Amino acid sequence: MSDHSSRPVAIDLFCGAGGLSEGLRQAGFDPRVGLDFDQHAISTYRHNHPESRAFLEDVNNVSGQQLIEAARTDEIDLVAGGPSCQGFSTHGKRIEDDPRNFLFTEFVRLVNEIQPKFFLMENVRGLLTYSKGRFKELIEQSFREIGYNLVAATVCAADYGVPQLRHRVLFIGTRANSVNLTLPAITHGDDDPSLLPYVTVEDAISDLPLMKGDCRREIWDYATEPNSDFQEYVRAAQPNHVTLHQANSLSPQASSIARHVRQGEGLRSVPLEALPDRFKKMRTISNGELRKDCTTLYHRLHPAKPSYTITCYYRNIASGPFLHPWENRSLSHREAARLMSFPDHYEFKGSAVPRQIGNAVPPLMGKTIGEHIIKMLLADREDGRRRAA
């Protein structure tokens, strides 16, 4: 079997809606295979990656040989993916024996069976510190036992041009001993003249139309021409209309709170007398002092900063920092997708669109990581040529 692409070949496990595959494709990879158990996410993946073979299947039931055959080559350069480890998430209850925490063992199994030159595993940052780092050590040991060296670190998506302060842990590994294994250098930041400035909420969504109460319209015209490099990127292959620009309007109670919330502020900024009784209780602790948590409940995004993490609950402003910067409403699907760095031509199929977007790997982060892995691949090939000469 040999149908190796002129581009490096990738297999995307736990592919979801395809954010990582989209980033890898932009980086120069040929994502041949995607695998996920979510039927809505796979519908989205198939629609946006018609050149790839998409499997709707439980990872436990798939062999490495099946994926190699689907990829039409036994020379796999990269196996990538983000096995769900929700029990480690800092956004919910941490449950050590949550069965999803051990899906990484299936990822390790398939890497062992496929034997790619590199692997990339992405996950929630709580995994690094949970149980005093025991699970991080277990993951590293598992990969070393099958012959892979690896590096691991927490990264922030905003550091790679994504308009979102989304922190994740990356594991990058290789079985090529000659490779100087490193993580990609950051490209964006604040107060560092050697870096590009962070992409802000305004950079990301200011060309999208304000809804003025019409939250259910299916097709919109853009409000302006692109007015940032990021907007040029997301609109590069899009016709002159906006899709999925639909949001949730606010309940009377939420509206009464939101009108007091300024940009970059949340529930704690609302005058006590303006809060419903149950929120007054939330504002204080047992000694009567104002509490210091709940900082992002009903938070209105600041247009001059990146957003906070976009989760599956971006349509509910009571759950986090999802209040639109200029209007009293939630974020729309398209705005959330923009803040994840999905291009506007990317369509989300089926239901559960918030879950597909909130669980995705930001494509621009995937692109930067993919470009870095390609550089290491090329360095390994050059080293191989020198040794053979």
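Right, let's walk through the structure included here.

1. Points about the overall build of the protein
In step 1: Looking only at helices and strands, the protein features 13 helices and 11 strands.
In step 2: Taken over 389 residues, the protein has a buried fraction of 53%.
In step 3: Put simply, of all contacts in the protein between residues at least 6 apart along the chain, 66% involve residues at least 24 apart.
In step 4: Of the accessible surface of the protein, which amounts to about 17300 Å², a share of 48% is contributed by carbon and sulfur atoms.

2. Some details on the pattern of salt bridges
In step 1: Summed over all chains, the structure comprises 19 salt bridges.
In step 2: Of the charged contacts, one joins D30 and R7 as a salt bridge, the two residues approaching to 3.5 Å between their closest N and O atoms. Highlighted residues: D30 in strand β2 (residues 30-36) and R7 in the segment before β1 (9-13), separated in sequence by 23 residues.
In step 3: R109 is the partner of E113 in a salt bridge, and the nearest nitrogen-oxygen pair spans 3.2 Å. Here E113 and its partner R109 are both found in helix α4 (residues 104-114), four residues apart, which amounts to about one turn of the helix.
In step 4: You can call E113 partly exposed: its relative accessible area is 38%.
In step 5: Exposure remark for R109: the relative accessible area of 24% places this residue in the partly exposed category.
In step 6: When salt bridges with common partners are traced through the structure, they connect D207, R235, R338 and D344 into a single cluster.

3. Quick word on the nonpolar core
In step 1: Residues L78, L120, F348 and I373 are the most contacted members of the largest nonpolar core, which totals 55 residues.
In step 2: Sorting elements by how many residues they give to this core places helix α13 (residues 363-388) first, with seven residues.
In step 3: When neighbours within four sequence positions are excluded, I373 is seen to be in contact with F29, L78, F118, L120 and I172.
In step 4: Counting residues in hydrophobic clusters, the runner-up holds 33 residues, among them L110, I139, F143 and L150.

4. A closer look at the sheet that holds strand β5 (residues 118-124)
In step 1: Taken together, the seven strands give an open sheet; going across it, the order is β3-β2-β1-β4-β5-β7-β6, and neighbouring strands pair in mixed fashion. A single partner strand is all that each edge strand has here, and the edge strands are β3 (53-56) and β6 (149-156). Between one strand axis and the next, the sheet turns by 15 degrees as a mean value, whatever way the strands run.
In step 2: Of the strand pairs in this sheet, β6 and strand β7 (residues 167-174) are connected by eight bridges, and their pairing is antiparallel. Looking at β7, one finds that L150 is bridged to G173.
In step 3: Together, β5, β6 and β7 form the strand contacts of helix α6 (residues 134-145), whose direction differs from that of β6 by roughly 145 degrees.

The rules behind the values
- Residues numbered from 1 in each chain as written.
- Predicted model: local features only at pLDDT ≥ 70, side-chain atom pairs only at ≥ 80, totals over all residues.
- Heavy atoms only, no water.
- Helix = DSSP H or I, 4+ residues; strand = E, 2+ residues; numbered from the N terminus.
- Buried < 20%, exposed > 50% of the residue type's maximum accessible area, 1.4 Å probe, protein only.
- Contact = heavy atoms within 4.5 Å.
- Areas by Shrake-Rupley, 256 points an atom, 1.4 Å probe, with all protein chains shown as cover.
- Salt bridge = Lys/Arg side-chain N within 4 Å of Asp/Glu carboxyl O.
- Core = buried A, V, L, I, M, F, W, Y, C linked by side-chain atoms within 4.5 Å.
- Pairing = 2+ DSSP bridges.
- Axes fitted to C-alpha atoms, helices over the stretch in contact; angles between N-to-C directions.

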